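The primary structure of each chain is shown beneath.
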Amino acid sequence: MTDAQAGGGTAAGRATVAADTSEGAAPTQGGATTYTRPPGMAAPPTSPDQIGGRSGAPEGPARVADAVRAARAAVSAAAGRGPRRARLHLKRVEPWSVMKFSFAVSIVLFIVMIVATTVLYIALDAMGVFDSVNELLVSLVGGGGGSDEPFQLTAKGVILVSALLGLVNMVLFTALSTLGAFIYNVCADLVGGIEVTLAEKE
């Protein structure tokens, strides 16, 4: 009998492991060497959950799959509720931006008026309307014989009058729009402004 066997231990190569009869110690079976933990040491993990939460599949892909399922559920719930809606109040309108916008719109209207007047004059002149009107004016105004050059409607005169009206419209439209912005801001401070409901397209 060796010293290790005399001391109640089991020889494992050159190392001697003290025999442990505490809870969890594995007995020696069939002459095979078994290692036992000393008293107070926690038992090693044995189940996949204790090892790290791995149950045959990597933890990362499982979390990604869970996140995808949660996102799909959220999208499905949002689609079931219908389009989102938001109720907003228009509290203030910037007068400077309103003036710039109204001035740009008035310029476009000025160009449209000039083009429309020119096209309309050409169409009416081709039908002989202005010739009849000029003859009527000559008979009414120039019948007294006091004027050598009676008043007549010409293309230059019609377009000039249209341009003059367009300029007046530009000034009035811009001024009234800016004034309207100031008036709206004052009224919005009193009553809270215009309520606007915004919704997504179905």
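Residues numbered from 1 in each chain as written. Predicted model: local features only at pLDDT ≥ 70, side-chain atom pairs only at ≥ 80, totals over all residues. Heavy atoms only, no water.

## A short note on the overall build of the chain
1) Next: When helices and strands are counted, the chain shows six helices and four strands.
2) Next: Starting at the N terminus and ending at the C terminus, the chain contains elements arranged as α-β-β-α-α-β-α-α-α-β.
3) Next: Looking at the 202 residues of the chain, the share that counts as buried comes to 13%.
4) Next: Within the chain, contacts between residues separated by at least 24 positions form 63% of all contacts whose residues are at least 6 apart in sequence.
5) Next: When the accessible area of the chain is evaluated, it comes to approximately 15,600 Å², of which 65% is carbon and sulfur surface. (Helix = DSSP H or I, 4+ residues; strand = E, 2+ residues; numbered from the N terminus. Buried < 20%, exposed > 50% of the residue type's maximum accessible area, 1.4 Å probe, protein only. Contact = heavy atoms within 4.5 Å. Areas by Shrake-Rupley, 256 points an atom, 1.4 Å probe, with all protein chains shown as cover.)

## Overview of a nonpolar patch on the surface
1) Next: Taken together, the side chains of Leu164, Val168, Leu172, Leu176, Leu179 and Ile183 define a hydrophobic patch exposed on the protein surface, amounting to about 590 Å² of accessible area.
2) Next: Position of Leu179 relative to the elements: it lies in helix α6 (residues 155–191). (Patch = residues over 30% accessible without salt bridge, like charges linked within 9 Å, V, L, I, M, F, W, Y side chains within 5 Å. Salt bridge = Lys/Arg side-chain N within 4 Å of Asp/Glu carboxyl O.)

## Describing the UniProt feature "transmembrane region" (unreviewed entry) in the chain
1) Next: Using the residue numbers shown here, the UniProt feature "transmembrane region" (unreviewed entry) corresponds to residues 101–124 and 158–184.
2) Next: Here residues 101–124 is 100% helix and 0% strand, with 34 Å between the C-alpha atoms at its ends.
3) Next: Taken end to end, residues 158–184 is 100% helix and 0% strand, and its first and last C-alpha atoms sit 38 Å apart. (UniProt positions renumbered as here; feature names shortened; annotations may be inferred.)

## Brief notes about the pattern of salt bridges
1) Next: Enumeration according to the criterion identifies three salt bridges in this entry.
2) Next: Note that Asp66 is salt-bridged to Arg69, the shortest N-O span being 2.1 Å. Separated by three residues within a single helix, Asp66 and Arg69 lie in helix α3 (residues 59–81), roughly one turn from each other.
3) Next: The class for Asp66 is partly exposed, based on a relative accessible area of 41%.

## Description of the confidence of the model for the chain
1) Next: Predicted confidence across the chain gives a mean pLDDT of 74, with 62% of residues reaching 70 or more.
2) Next: Across residues 1–28, where pLDDT falls below 50, the model places 27 contacts with residues more than four positions away in sequence or in other chains.
3) Next: Counted against residues more than four places away or in other chains, residues 53–57, with its pLDDT under 50, gives three contacts. (pLDDT = per-residue confidence, 0-100.)

## Notes on helix α4 (residues 95–126)
1) Next: If you check α4, its first and last C-alpha atoms are 46 Å apart, about what 32 residues at 1.5 Å a residue would give, namely 46 Å.
2) Next: Of all the residues in α4, the buried ones are Pro95, Val98, Ser102, Ser106, Ile114, Thr117 and Tyr121. (Expected span 1.5 Å × (residues − 1).)

## Describing the side chain of Ser102
1) Next: Along the chain, the position of Ser102 falls in helix α4.
2) Next: Excluding its chain neighbours within four sequence positions, the residues that come into contact with Ser102 are Phe173, Thr174 and Ser177.

## A look at the packing of α4 against α6
1) Next: At a closest axis distance of 8 Å, the pairing of α4 and α6 adopts a crossing angle of 160°. Accordingly, the angle class assigned to the pair α4 and α6 is roughly antiparallel. The hand of the α4/α6 crossing is right-handed. (Axes fitted to C-alpha atoms, helices over the stretch in contact; angles between N-to-C directions. Parallel < 35°, antiparallel > 145°, perpendicular 65-115°, else oblique. Left-handed = near helix turned anticlockwise from the far one by under 90°.)

## Let's talk about the side chain of Ser162
1) Next: Mapped onto the elements of the fold, Ser162 is located in helix α6.
2) Next: On the basis of relative accessible area, Ser162 is assigned to the buried category, the value being 5%.
3) Next: Apart from the residues lying within four places of it in its own chain, the contact partners of Ser162 are Met113, Ile114 and Thr117.

## Describing the environment of Leu124
1) Next: By the secondary structure assignment, Leu124 is in helix α4.
2) Next: The class of Leu124 is partly exposed, set by a relative accessible area of 26%.
3) Next: In this structure, Leu124 is in contact with Val129 and Phe130, ignoring residues within four places of it in sequence.

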